[in-house]
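Each chain, written out:
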Amino acid sequence: MAAQIWGSEKRARRRREISAKIAQMPELHDSKPLPFMTREEKIMESARKLTILTEKMGQIIDPTDPAELYHLNNEVLGLEGNPMALHGVMFIPALSAQASDEQQAKWLPRALRREIIGTYAQTELGHGTNLQNLETTATYDLATQEFVLHTPQITALKWWPGNLGKSSNYAVVVAHMIIKAKNYGPHPFMVQLRDEKTHEPLPGITIGDIGPKMAYNIVDNGFLGFNKYRIPRTNLLMRHTKVEADGTYIKPPHAKINYSAMVHVRAYMLTGQAIMLASALNIATRYSSVRRQGQIDKSQPEVKVLEYQTQQHRLFPSIARAYAFQFAGAETVKLYEHVLKEMKSGNVSLMADLHALTSGLKSVVTYQTGEGIEQARMACGGHGYSMASYISEIYGVAIGGCTYEGENMVMLLQLARYLVKSAALVKSGQSSKLGPLVAYLGVKSEPTSLIDRIPNSGFTEYVKTFQHVSKRQTLKAADMFFGLMEKGEKREIAWNKCSVELNRASRLHTRLFIVEAFVRRVNEIADIRIKEALTDLLHLHVNYELLDIASYALEDGFLSASQLDYIRDQVYLYLGKIRPNAVSLLDSWEFSDIELRSVLGRRDGNVYENLFKWAKSSPLNKTDVLSSVTQYLKPMMEKARL
Ligand SMILES: CCCCCCCCCC/C=C\CCCC(=O)SCCNC(=O)CCNC(=O)[C@H](O)C(C)(C)COP(=O)(O)OP(=O)(O)OC[C@H]1O[C@@H](n2cnc3c(N)ncnc32)[C@H](O)[C@@H]1OP(=O)(O)O
Ligand SMILES: Cc1cc2nc3c(=O)[nH]c(=O)nc-3n(C[C@H](O)[C@H](O)[C@H](O)COP(=O)(O)OP(=O)(O)OC[C@H]3O[C@@H](n4cnc5c(N)ncnc54)[C@H](O)[C@@H]3O)c2cc1C
């Protein structure tokens, strides 16, 4: 099963080898539980481990393999980020995709050797979503052949970029490029921020940390202002766009090609989200099979809380989602790598499809991951609320994904643009022009679902039902939009008035893709026992998801009330079938105790003793009487007694 999750037997084996090596290297372990550290201590601890990793990484992993790097990162540095998180996640990908060969030769080896630390500085205090209204400017000075970076007002301060505040000394900065008074829109520039020897900010640069956040507090998300700060013309990233010495602008082959670093993260973050969901579920499911509370049959002893159907219903559909996201994420990364290769050789024809797909997936996966992790926390009762479970940290980090790389509603609307264009093709009789991901929009469906009518139909009838609801909602939302325009409404106003319906279509389309990716994967599996376990999970997935969106299928009679009862029964049937495998389905992800950082989720199940040990190690317990008591509470009580 681990081979299915991680992509191959070799990958699963490598992960085990890496975890085993890390277990033998105490210098790479947290020196004390992260929840007991201050933010400064955590940053210091993370930087300590990071420097050891830079020295010893080659002994543990193949540093050129992103999957091995990601695993090493999760085990040693953890989810809360590190002082170089954005260096690997966005700075290097931005340089790789957007810098010319000559620029790459100059900067990439230094970045890869970690001679310099970089980040991706795009979002500003006043604007994050609407890139067209970013306010930082890069004005070309023809006389000196330099760009002058400037922050005209407070809202133009860069705000949020990870590791910008204190750790990075370089950044890819996105600014409006102005040449001879003409604004060419946002473009990426390589900018040195700090002196390489002293790490002091360079003259003309104002920089710092934006303060503590809901989670991710090891990352120094920062602010950045420029006061007429000059950089050479050749620091504009020039793989696709060029500015010649005389100010001549050579436009890129696709208007949005400079957005590729964002698409990179949107594609890769899906499996990251799956891992966080599976981690929280691993903690909750293990704990649920240790925790005994109450009886189902009063004549029997107290049961493990995992025996309760409500507990299973709370956890198991999310287990199925974690697998579904992992499989859909793996497909998306493959597609991304393919499109990136094509883009590098000048073929930009697949960019729109990739953008639409990653926009929808990013939104649905992060939202459902957040939901699933929060349910996992509640499933652990009181102990889930303790930082000893570590679930609250996983939650805080995971839901950051609903906001970063494009706020979820906004990204769903990006997918909706693609769906509406596809609907227009269907309506104008040009269904043959539909791309493969939306081809179903042009296919006539049966009048009613055959879900419970065709025995042994595999998952075909389910897929058809998801296709039907997605198609219907897409065409309905598109009709609403076209209808408003026909009535004379301006395009943008009409769009806004339909946007809730449009986003519903985007969600349904994305959920269909996730179901299809799960079905594709299960169909590929040769090992009978693995196939059987995953088929059960897939049954739970399709029935649970369909129940969740049933209103769309009920409103036009595609599903009947009796079919809904059938679907509900299937959910209960598969909850029971999955119960014996539940812990194993999560243990198969092979998270080590070091990686999980959870007292509740320990592999050995020795929860209570370790919770007590953990509580005793709280800094508050170093002394029996705190100074808050001697200074304030004790005198208060004494005064009251007089
Ligand atoms: C091994 C790696 C492991 C990785 C693990 C992950 C862990 C992650 C941890 C990292 C933590 C944090 C990182 C966070 C970093 C950031 O957040 S960076 C900042 C991100 N910011 C955003 O995402 C901003 C969102 N906004 C946008 O993307 C755009 O502004 C928006 C698309 C909303 C609109 O752009 P405009 O330029 O205004 O576009 P319009 O003029 O409206 O035109 C839209 C048309 O352009 C098409 N489009 C847009 N984007 C793309 C694209 N990327 N590719 C292709 N096409 C694109 C769009 O479809 C429209 O086309 P149409 O007109 O419909 O034909
Ligand atoms: C943990 C974290 C890490 C980050 N790291 C980085 C980084 O490394 N580099 C970087 O540059 N940035 C980074 N960011 C910033 C992040 O990319 C932005 O916050 C994000 O893109 C959302 O933009 P915003 O803050 O402007 O939200 P807003 O756009 O202000 O969103 C507020 C509300 O308005 C709605 N809204 C906005 N526009 C529309 C629209 N057109 N239609 C409908 N609704 C709309 C949204 O849906 C949302 O409900 C990070 C953010 C976080 C939380």
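Definitions and cut-offs
- Residues numbered from 1 in each chain as written.
- Chains lettered and ligands numbered in written order.
- Predicted model: local features only at pLDDT ≥ 70, side-chain atom pairs only at ≥ 80, totals over all residues.
- Heavy atoms only, no water.
- UniProt positions renumbered as here; feature names shortened; annotations may be inferred.
- Helix = DSSP H or I, 4+ residues; strand = E, 2+ residues; numbered from the N terminus.
- Rg over C-alpha atoms; globule rule 2.2 N^0.38 Å.
- Buried < 20%, exposed > 50% of the residue type's maximum accessible area, 1.4 Å probe, protein only.
- Contact = heavy atoms within 4.5 Å.
- Core = buried A, V, L, I, M, F, W, Y, C linked by side-chain atoms within 4.5 Å.
- Domains from an automatic or database assignment.
- Buried area = accessible area lost by both parts, 1.4 Å probe.
- Salt bridge = Lys/Arg side-chain N within 4 Å of Asp/Glu carboxyl O.
- Polar contact = N/O pair within 3.5 Å; in protein donor to acceptor, adjacent residues only side chain to side chain.
- Phe/Tyr/Trp six-rings, centres within 6.5 Å; stacked < 30°, edge-to-face > 60°.
- Lys NZ or Arg CZ within 6 Å of the ring centre and 35° of its normal.
- Near = heavy atom within 4 Å.
- Areas by Shrake-Rupley, 256 points an atom, 1.4 Å probe, with all protein chains shown as cover.
- Nonpolar A, V, L, I, M, F, W, Y, C, P; charged D, E, K, R; others polar.

Under an unreviewed UniProt entry, the name given to the protein is Acyl-coenzyme A oxidase, and the source organism is Caenorhabditis briggsae. Regarding the protein, the UniProt comment filed under Cofactor (unreviewed entry) reads as follows: "FAD". Taken verbatim from the UniProt record of the protein, the Subcellular location (unreviewed entry) comment is "Peroxisome".

Visitor: Got a minute to help me understand the overall build of the protein in this structure?
Guide: Within the protein one finds 22 helices and eleven strands. For the protein, whose C-alpha radius of gyration is 27 Å, the value lies close to the compact-globule estimate of 26 Å for 642 residues. When its C-alpha atoms are laid out on the principal axes, the protein stretches across 90 × 80 × 60 Å. Residues classed as buried in the protein amount to 53% of the 642 residues present. Excluding contacts between residues fewer than 6 apart, the proportion of contacts in the protein whose partners are at least 24 apart in sequence is 73%.

Visitor: Help me out: how do you make sense of the nonpolar core in this one?
Guide: Nonpolar side chains tend to gather and get buried jointly when the protein is soluble and globular. Of all hydrophobic cores here, the largest spans 103 residues; its most connected members are Phe316, Tyr323, Leu534, Leu537 and Trp589. Among the elements that make up this core, the one with the highest residue count is helix H7 (residues 260–288) (eleven residues). Two domains share this core, each providing at least three of its residues, namely domain 1 (2–82) and domain 3 (259–425 + 467–585). Non-local contacts of Trp589, meaning those with residues more than four positions away in its chain, are made with Ile5, Trp6, Arg15, Ala274, Ile275, Ala278, Ala322, Tyr323 and Gln326.

Visitor: It is not clear to me how the domain arrangement of the protein should be interpreted in this structure. Could you clarify?
Guide: How large an interface is tends to be reported as the accessible area lost when its parts come together. The domain architecture assigned to the protein consists of domain 1 (2–82), domain 2 (116–252) and domain 3 (259–425 + 467–585). For domain 1 versus domain 2, the distance between C-alpha centres works out to 31 Å. Between domain 1 and domain 2, the residue contacts involve eight residues of the former and ten residues of the latter. Interface of domain 1 and domain 2: buried area, both sides summed, is about 740 Å²; carbon and sulfur atoms make up 55% of it. A per-residue breakdown of the area domain 1 buries against domain 2 is headed by Arg39, Glu80 and Asn82, which together make up 65% of the total. One can count one salt bridge joining domain 1 with domain 2. We note a salt bridge from Asp209 to Arg39, for which the minimum N-O separation is 2.8 Å. One can count five residue pairs in polar contact (both at pLDDT 80 or more) joining domain 1 with domain 2.

Visitor: Before we go on, may I ask you to explain the packing of aromatic side chains in this structure?
Guide: Describing an aromatic ring pair means giving the distance of the ring centres and the angle of the ring planes. All chains considered together, the criterion is met by 15 aromatic pairs. Between Tyr184 and Tyr249, the ring centres sit 4.2 Å apart and the planes meet at 35°, which makes this aromatic pair tilted. Pair noted here: Tyr184 is in strand S6 (residues 182–192) and Tyr249 is in strand S11 (residues 249–250), with a separation of 65 residues, a long-range link. Both rings, one in Phe481 and one in Phe482, keep their centres 5.6 Å apart while their planes meet at 45°; by these two values the pair is tilted. The positively charged end of Arg15 is found above the aromatic ring belonging to Trp6, 3.7 Å away from the centroid. Sitting over the face of the ring of Phe612, Lys616 holds its NZ or CZ atom 4.2 Å from the ring centroid.

Visitor: Please explain unusual backbone geometry as it appears in this structure.
Guide: Most peptide bonds take the trans form, and the phi angle of most residues other than glycine is negative. In this model, Arg114 sits at a positive phi of 65°, which is unusual for a non-glycine residue. Summarising the element assignment, Arg114 is placed in the loop between helix H6 (101–112) and strand S1 (118–121). For Arg114, a relative accessible area of 27% gives the class partly exposed. For Lys180, which is not a glycine, the phi torsion comes out positive at approximately 45°. Note that Lys180 resides in the loop between strand S5 (170–179) and S6. The exposed category is assigned to Lys180, whose relative accessible area is 61%.

Visitor: I tried to follow the UniProt feature "domain: Acyl-coenzyme A oxidase N-terminal" (unreviewed entry) in the protein on my own but got confused; where do I start?
Guide: Here, UniProt's "domain: Acyl-coenzyme A oxidase N-terminal" (unreviewed entry) annotation points to residues 1–117. In this annotation, residues 1–117 is assigned 68% helix and 0% strand; the end-to-end C-alpha distance for the span is 38 Å.

Visitor: Looking at this model, I keep getting lost on the site of ligand 2. Mind explaining?
Guide: As a structural note, the neighbourhood of ligand 2 is formed by 19 residues, with Gln122, Thr123, Gly128, Thr129 and Glu407 the closest of them. Interatomic distance of 2.6 Å between a side-chain N/O atom of Thr123 and a nitrogen atom of ligand 2. In this structure, Gly162 approaches ligand 2 through a main-chain N or O atom, which is 3.0 Å from an oxygen atom. A total of 980 Å² of accessible area belongs to ligand 2 in isolation, and the protein chains cover 62% of it. In terms of residue count, the dominant contributor to the shell around ligand 2 is helix H12 (residues 408–427) (three residues). Split by residue class, the shell around ligand 2 holds nine nonpolar, eight polar and two charged.

Visitor: For this particular structure, what's the right way to read the site of ligand 1?
Guide: Contacts to ligand 1 come from 28 residues, most closely from Thr129, Gln132, Tyr259, Arg417 and Lys421. Separating a nitrogen atom of ligand 1 from a side-chain N or O atom of His355 is a distance of 3.3 Å. With the chains in place, 81% of the 1300 Å² that ligand 1 exposes on its own is no longer accessible. Looking at which domains feed residues into the shell around ligand 1, each of domain 2 (116–252) and domain 3 (259–425 + 467–585) supplies at least three.

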